[in-house]
Amino acid sequence: NNRALVDGLLFVSDVTSVIYALDPADGELVWSYKFRENEMHPLNSQGVCYDNGTLYVGQGLHLTALNAKDGSVIWKNTKVRNSGITDVSTYSVADGVLCVNAYWVARYGFDAATGELLWEKRDAENRYSTGTPVVKDGKWYYTAYQTLIEADPRSTEETKRVKQGHIFNTRSKMLIKDNIVVVGTSNHGMTGYRFDDFSQIWNTTTMPALIYTSPYTKSYEMSIEGDPVLYGDNFIYGANDGYVYCNTIEKGAYVWRYEVGLPVLANPVIDGDYLYVIDLSGKLVKLSLNDL
């Protein structure tokens, strides 16, 4: 899941609810903290969120804000008792508000500095949501089950909310470029929308998933867990079918694909003329974008 490489440290959280601060040069442990003790179900997979010197980790009841330098506790959640079902969404901060998802329960907004609970959204779309908000011009943009939402972090007013013909129960975050929004689905591959009204422009499908990762997934789903990554006028993404794809942003048109062989759940990384991809087995592949 999500990790952070900031202030000369690499921050990662494992499924047993321990967060580690590592030296990225040699992997040496700088500090660690266990934010969930003696639980019947100790698993946590919501990664870490970094903002302005603070790390946000944990799930629901165990939500914790830590000082990134030394791991000391700034605040712990005491307001929300229901953790929801463990999912792979990650937190996001905008306008001093921390947005937290508890699958099957609600989305919550906490004051990022104090931990005060500011709001909660328990409607059907926000309860069933694994999408991580993207911040643009002071607003949040995220998927919620079958819906694309634009919302104000403080007031939670939804200035745009459009239901779509696809299901978004994956961790794929929106890519916003000019007037186009690109985001993955759990059943119909990759989709593109107009930014101003969330009307669909295009849909491009993948091969059927080799492994089902989305809640309530049925057969023949074409799931994408990773984020679309911008590459000029194109975008690159991995899919559950074992391929990495490149498509145009404007029309979603196919440019190329590369067969990795196993599901690609993590985000591809672009560094100059090279593309790095890791698959479900842990195999890391370096590809030349010029050759592709």
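Worth saying up front: this structure is predicted, and the values here are computed from it rather than measured.

*Asks:* Explanation requested: the environment of Ser199 in the structure shown.
*Replies:* Tracing the backbone through its elements, the reader meets Ser199 in the loop between strand 19 (190-194) and strand 20 (200-204). Sequence separation between Ser199 and Leu148 is 51 residues; the distance between their C-alpha atoms is 9.8 Å. At 2.8 Å, the side chain of Ser199 and the side chain of Asp197 are in polar contact.

*Asks:* Explanation requested: the packing of aromatic side chains in the structure shown.
*Replies:* When we look at a pair of aromatic rings, we describe it by the centre distance and by the angle of the planes. The full count for this structure, using the stated rule, is twelve aromatic pairs. Between Trp75 and Phe110, the ring centres sit 6.2 Å apart and the planes meet at 25°, which makes this aromatic pair stacked. Taken as a pair, Trp75 in strand 8 (residues 73-76) and Phe110 in strand 11 (residues 106-111) lie far apart in primary sequence, 35 residues in all. Comparing Trp75 with Phe110, the two get one shared label, buried.

*Asks:* What's the story with a nonpolar patch on the surface in this structure? I'm lost.
*Replies:* A contiguous nonpolar surface patch, about 330 Å² in accessible area, is contributed by Leu210, Ile211, Leu262 and Leu280. Mapped onto the elements of the fold, Ile211 is located in the loop between strand 20 and strand 21 (229-231).

*Asks:* Looking at this model, I keep getting lost on the nonpolar core. Mind explaining?
*Replies:* Generally speaking, nonpolar side chains in soluble globular proteins are found buried as a group. Counting 16 residues, the largest nonpolar core has Tyr56, Leu63, Trp75, Tyr91, Leu98, Tyr108 and Phe110 as the members making the most contacts within it. Of all the elements in the fold, those that place two or more residues in this core are strand 10 (97-102) and strand 11. Discounting chain neighbours no more than four positions away, the residues touching Phe110 are Leu63, Trp75, Asn77, Val80, Gly96, Val97, Leu98, Val100, Gly115, Glu116, Leu117 and Leu118.

*Asks:* Is there a simple way to think about the pairing of strand 4 (residues 29-34) in this case?
*Replies:* Each regular strand carries side chains that alternate between the two faces of the sheet. The pairing of strand 3 (residues 18-22) with strand 4 spans five bridges and is classified as antiparallel. Counted as the bridge partner of Val18 is Lys34 from strand 4. Between strand 3 and strand 4, which pair antiparallel and follow one another directly, the connecting turn spans six residues, one of which, Gly27, has a positive phi of 80°.

Calculation criteria
Numbering of residues starts from 1 in each chain and follows the order in which that chain's sequence is written. Reporting in this predicted model follows two pLDDT cut-offs: at least 70 for local features of residues, and 80 or more for side-chain atom pairs to be given and counted; totals over whole chains, interfaces and linings ignore these cut-offs and use all residues. Hydrogens are left out, water is left out, and the side-chain values use all remaining heavy atoms of the structure. The helix and strand labels rest on DSSP assignments: H or I over at least four residues marks a helix, E over at least two residues marks a strand, and numbering proceeds from the N terminus. Counted as a polar contact is a pair of N or O atoms within 3.5 Å, where, for protein atoms, one must be capable of donating a hydrogen and the other of accepting one, and residues adjacent in sequence contribute only when both atoms are in side chains. Aromatic rings from Phe, Tyr and Trp, with only the six-membered ring used for Trp, were paired whenever their centres fell within 6.5 Å, and each pair was classed as stacked if the ring planes differed by under 30 degrees, edge-to-face if by over 60, and tilted otherwise. Each residue is placed in one exposure class: buried if its accessible area under a 1.4 Å probe, protein chains only, is under 20% of its type's maximum, exposed if it is over 50%, and partly exposed if it falls in between. What goes into a patch is any residue over 30% in relative accessible area without a salt bridge, connected to like charges within 9 Å or, for nonpolar side chains (Val, Leu, Ile, Met, Phe, Trp, Tyr), within 5 Å. For every accessible area listed, the method is Shrake-Rupley and the probe measures 1.4 Å; residues are considered covered only by the protein chains on display. Salt bridge, as used here: a side-chain nitrogen of Lys or Arg that lies within 4 Å of a carboxyl oxygen of Asp or Glu. To define a nonpolar core, start from buried Ala, Val, Leu, Ile, Met, Phe, Trp, Tyr and Cys residues and group those joined through side-chain atoms within 4.5 Å. Here a residue-residue contact requires only that any non-hydrogen atoms of the pair lie within 4.5 Å. A strand pair is defined by DSSP finding two or more bridges across the two strands.

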